[in-house]
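Single-letter residue listing:
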Amino acid sequence: KSSTISDAAHAPLDELTAAMKKSESLRVQLLAYASGTDETASQARRLSLSRALAVRSYLINQGVRSTRMDVRALGNQSENGPADRVDAVVIER
């Protein structure tokens, strides 16, 4: 349960970076989740925030402007997919 970006996540993040560099009209929403119970909801929210910020920092270091990203820490509010993840939702303006 960490906020470190795995090696496996680098390739899709690099693809996202390439797409964003190619089209200035793209924005990305980073929706972060972390597993937890109702009792640990605030911990899960903090962990999900640090995960989202780690992905945001990675993208910034790759040359994506921070103004093109929105971060949402959703904690343990995951309905579909694994509980511990960050979803990157690409939006065209």
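This is a predicted model, so every value here is computed, not measured. (Residues numbered from 1 in each chain as written. Predicted model: local features only at pLDDT ≥ 70, side-chain atom pairs only at ≥ 80, totals over all residues. Heavy atoms only, no water.)

### What about the pattern of salt bridges?
Once the charged atoms of two side chains with opposite charge are near each other, the side chains can pair.
Here is step 1 of the chain: As enumerated under the stated definition, the model contains five salt bridges in all.
Here is step 2 of the chain: Close ionic contact of Arg51 with Asp84 constitutes a salt bridge, the shortest N to O distance being 2.9 Å. Here Asp84 lies in the loop between strand 2 (69-73) and strand 3 (85-92) and Arg51 lies in helix 2 (residues 41-61), a separation of 33 residues in the sequence.
Here is step 3 of the chain: Under the relative-accessibility criterion, Arg51 is labelled buried at 7%.
Here is step 4 of the chain: The class for Asp84 is partly exposed, based on a relative accessible area of 34%.
Here is step 5 of the chain: Its salt-bridge partner being Arg85, residue Asp87 comes within 2.9 Å of it at the nearest N-O pair.
Here is step 6 of the chain: Three or more residues are tied together by salt bridges with common partners; here these are Glu24, Arg65 and Arg68. (Salt bridge = Lys/Arg side-chain N within 4 Å of Asp/Glu carboxyl O. Helix = DSSP H or I, 4+ residues; strand = E, 2+ residues; numbered from the N terminus. Buried < 20%, exposed > 50% of the residue type's maximum accessible area, 1.4 Å probe, protein only.)

### Quick word on the sheet that holds strand 1 (residues 26-33)
Here is step 1 of the chain: Strand order across the open sheet formed by three strands is 2-1-3, with mixed pairing between neighbours. Bordering the open sheet on either side are strand 2 and strand 3, each of which pairs with just one other strand. Direction aside, the axes of adjacent strands within the sheet are offset by 20 degrees on average.
Here is step 2 of the chain: As defined by bridge partners, strand 1 adjoins strand 3 across eight bridges and the pair is classed as antiparallel. Following the sheet pairing, Leu31 is matched in strand 3 by Asp87. (Pairing = 2+ DSSP bridges. Axes fitted to C-alpha atoms, helices over the stretch in contact; angles between N-to-C directions.)

### Some details on helix 1 (residues 7-22)
Here is step 1 of the chain: Its 16 residues place the ends of helix 1 24 Å apart at the C-alpha level, agreeing with the 22 Å of an ideal helix rising 1.5 Å per residue.
Here is step 2 of the chain: Turning to helix 1, its buried residues are Leu13, Leu16, Thr17 and Met20. The arc that holds every buried residue of helix 1, seen down its axis, measures 105 degrees, which confines them to one face. Of the exposed residues in helix 1, those oriented more than 90 degrees away from the buried face are Ala8, Glu15 and Lys22.
Here is step 3 of the chain: Among the structural elements, strand 1, helix 2 and strand 3 are those in contact with the buried residues of helix 1. (Expected span 1.5 Å × (residues − 1). Arc of directions from axis to C-beta. Contact = heavy atoms within 4.5 Å.)

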